[in-house]
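Read off the chains here:
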Amino acid sequence: MNFQIKHRFSGAVLFECELSAEVAQREYSFQIGFAVKEALKARANLANANLTFANLADANLADAYLADANLAGAYLRGANLRGANLVGANLAGANLTDAYLV
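To start, this report covers the structure provided alongside it. (Residues numbered from 1 in each chain as written. Predicted model: local features only at pLDDT ≥ 70, side-chain atom pairs only at ≥ 80, totals over all residues. Heavy atoms only, no water.)

### Re the pattern of salt bridges
Should their charged atoms come close, side chains of opposite charge can pair.
Alright, step 1. With the rule as written, the count across this model stands at 3 salt bridges.
Alright, step 2. The salt bridge involving Arg77 is made with Asp98; its shortest N-O contact spans 3.6 Å. Within this pair, whereas Arg77 is found in the segment after α2 (28-41), its partner Asp98 is found in the segment after α2, the two being separated by 21 residues in sequence.
Alright, step 3. A relative accessible area of 36% means that Arg77 is categorised as partly exposed.
Alright, step 4. On the basis of relative accessibility, which here comes to 60%, the residue Asp98 falls in the exposed class. (Salt bridge = Lys/Arg side-chain N within 4 Å of Asp/Glu carboxyl O. Helix = DSSP H or I, 4+ residues; strand = E, 2+ residues; numbered from the N terminus. Buried < 20%, exposed > 50% of the residue type's maximum accessible area, 1.4 Å probe, protein only.)

### Examining the nonpolar core
Alright, step 1. The biggest cluster of nonpolar side chains holds 30 residues, and the ones touching the most others in it are Ile5, Val36, Leu46, Leu51, Leu56 and Leu61.
Alright, step 2. Elements represented by at least two residues in this core include exactly β1 (2-6), β2 (13-18) and α2.
Alright, step 3. Ranked by the residues each element gives to this core, the list is headed by α2, at 5 residues.
Alright, step 4. Discounting chain neighbours no more than four positions away, the residues touching Leu56 are Gly33, Val36, Lys37, Leu61, Leu71, Tyr75, Leu76 and Ala79. (Core = buried A, V, L, I, M, F, W, Y, C linked by side-chain atoms within 4.5 Å. Contact = heavy atoms within 4.5 Å.)

### Focus on the packing of aromatic side chains
Alright, step 1. The final tally for this structure, using the stated rule, is 1 aromatic pair.
Alright, step 2. The ring of Phe30 carries the charged tip of Arg26 above its face, separated from the ring centre by 3.8 Å. (Phe/Tyr/Trp six-rings, centres within 6.5 Å; stacked < 30°, edge-to-face > 60°. Lys NZ or Arg CZ within 6 Å of the ring centre and 35° of its normal.)

What follows is the structure, encoded as structure tokens:
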């Protein structure tokens, strides 16, 4: 299954990847979390990305460029956000418990 991460305002595709059958059967939050991790491995620019409700628990988001991304309701428990660019990002309702922010 092909999965796309889209720009939060224009809907333009910022990144796309193929989900395995196992990931494709999971809930949306897990699918987008997987896609974000793949995008970061590919060093994709996710500025202005719509990442609402993404499950990014324990993800290594160090130095990620997430400026103006919509992370509302995202699950970021234990995520490494060290050096990530979150300028203007919407983190309303995001779970940042034990996230590394320094």
